[in-house]
Amino acid sequence: EAQVTQNPRYLITVTGKKLTVTCSQNMNHEYMSWYRQDPGLGLRQIYYSMNVEVTDKGDVPEGYKVSRKEKRNFPLILESPSPNQTSLYFCASKKYRSGPYNEQFFGPGTRLTVL
Amino acid sequence: GIQVEQSPPDLILQEGANSTLRCNFSDSVNNLQWFHQNPWGQLINLFYIPSGTKQNGRLSATTVATERYSLLYISSSQTTDSGVYFCAGIYNNNDMRFGAGTRLTVKP
């Protein structure tokens, strides 16, 4: 089944404790991205990657890191989480950066709470 | 910046009723997607629709790109349709901007 998977789905942690949220897709997509969803703000893009070893900042990159060493994986790293990073996080992928017939697919979400 | 506005913000329906959700965007889009976020938080793709009309069962969507809006129609609504509906405009063939969503509650 074609899908985007994320782990963990739920995480409660404390301020300053480094964490990684994994993301994997099995559709051979070139483009992957991370979003956070906050009440009243919709989804905002954190980082995106157009291909292996190519990453760039989205709208709200502060406090986050990403890497793209393999095409299928795009982990999100919080080196020193803070309470304002409490949010619902989504990983997404699409076949190419741009072009037609290029809908974006989303993972199931990771609900993160930073105490 | 680019704005994507959805209306209404909240909608309460009786089961069986029809509804129309609207998405306005401030600039021309290359494409537009509609999503349903279910009560468990999952985002489900509904339509990928740069222009014209598409139908999928009880749902259909129309995008009029020249007038910068898209509509999502839900007919004969069911309680399982409850959740938040998002539209997202794709700009510059890459940037995806989401609206704030329409929260739909369908009562039995």
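Calculation rules
- Residues numbered from 1 in each chain as written.
- Chains lettered and ligands numbered in written order.
- Predicted model: local features only at pLDDT ≥ 70, side-chain atom pairs only at ≥ 80, totals over all residues.
- Heavy atoms only, no water.
- Phe/Tyr/Trp six-rings, centres within 6.5 Å; stacked < 30°, edge-to-face > 60°.
- Lys NZ or Arg CZ within 6 Å of the ring centre and 35° of its normal.
- Core = buried A, V, L, I, M, F, W, Y, C linked by side-chain atoms within 4.5 Å.
- Buried < 20%, exposed > 50% of the residue type's maximum accessible area, 1.4 Å probe, protein only.
- Helix = DSSP H or I, 4+ residues; strand = E, 2+ residues; numbered from the N terminus.
- Contact = heavy atoms within 4.5 Å.
- Buried area = accessible area lost by both parts, 1.4 Å probe.
- Salt bridge = Lys/Arg side-chain N within 4 Å of Asp/Glu carboxyl O.
- Polar contact = N/O pair within 3.5 Å; in protein donor to acceptor, adjacent residues only side chain to side chain.
- Nonpolar A, V, L, I, M, F, W, Y, C, P; charged D, E, K, R; others polar.

Draft legend 1. Summary view of the packing of aromatic side chains. By the definition in use, this model includes 9 aromatic pairs over all chains. These aromatic residues form a ring-pair network of at least three members: A:Tyr35, A:Phe90, A:Phe106, B:Phe35, B:Phe86 and B:Phe98. Sitting over the face of the ring of A:Tyr31, A:Lys94 holds its NZ or CZ atom 4.7 Å from the ring centroid. Positioned above the aromatic ring of B:Tyr69, the side-chain terminus of B:Arg22 is 4.2 Å from the ring centre.

Draft legend 2. How the structure looks around the nonpolar core. Counting 20 residues, the largest nonpolar core has B:Leu21, B:Cys23, B:Phe25, B:Trp34, B:Phe47, B:Leu72 and B:Leu104 as the members making the most contacts within it. Among the elements of the structure, β2 (10-14), β3 (19-25), β4 (31-37), β7 (59-64), β8 (69-74), β9 (83-91) and β11 (102-107) of chain B are those that each provide at least two residues to this core. Not counting chain neighbours up to four residues away, the residues in contact with B:Leu21 comprise B:Ser7, B:Leu11, B:Trp34, B:Ser70, B:Leu71, B:Leu72, B:Ile74, B:Tyr85 and B:Thr102. In this structure, A:Trp34, A:Val60, A:Leu76 and A:Cys91 belong to the second largest nonpolar core, which totals 19 residues.

Draft legend 3. Local environment of unusual backbone geometry. The linkage connecting A:Asn7 with the following residue, A:Pro8, adopts the cis geometry, with an omega of 0 degrees. Mapped onto the secondary structure, A:Pro8 falls in the loop between β1 (4-7) and β2 (10-13). Here the residue pair B:Ser7 and B:Pro8 is connected by a cis peptide bond, since its omega of -10 degrees sits within 30 degrees of zero. Tracing the backbone through its elements, the reader meets B:Pro8 in the loop between β1 (4-7) and β2. Of note in the backbone geometry, A:Asn28 takes a positive phi value of approximately 60 degrees without being a glycine.

Draft legend 4. Here's a closer look at the interface of chain B and chain A. Across the contact, 16 residues belong to chain B and 22 residues belong to chain A. Roughly 1600 Å² of surface becomes buried between chain B and chain A when both sides are summed, with 47% attributable to carbon and sulfur atoms. For the pair chain B and chain A, the interface holds 1 salt bridge. A salt bridge links B:Arg97 to A:Asp59; its shortest N-O distance comes to 3.1 Å. The interface formed by chain B and chain A includes 5 residue pairs in polar contact (both at pLDDT 80 or more). Class assignment for the residues of the side of chain B that touches chain A results in 7 nonpolar, 8 polar and 1 charged.

Draft legend 5. Summary view of the pattern of salt bridges. Residue and element names in this part refer to chain A. Using the criterion set out here, one finds 6 salt bridges over all chains in the structure. Residue Glu79 pairs with Lys18 through a salt bridge whose shortest N-O separation is 3.9 Å. Of this pair, Glu79 sits in the loop between β8 (76-78) and β9 (87-94) while Lys18 sits in the loop between β2 and β3 (19-25); the two residues are 61 residues apart in sequence, bridging distant segments of the chain. Looking at Glu79, the relative accessible area reads 36%, which means it is partly exposed. For Lys18, a relative accessible area of 52% translates into the label exposed.

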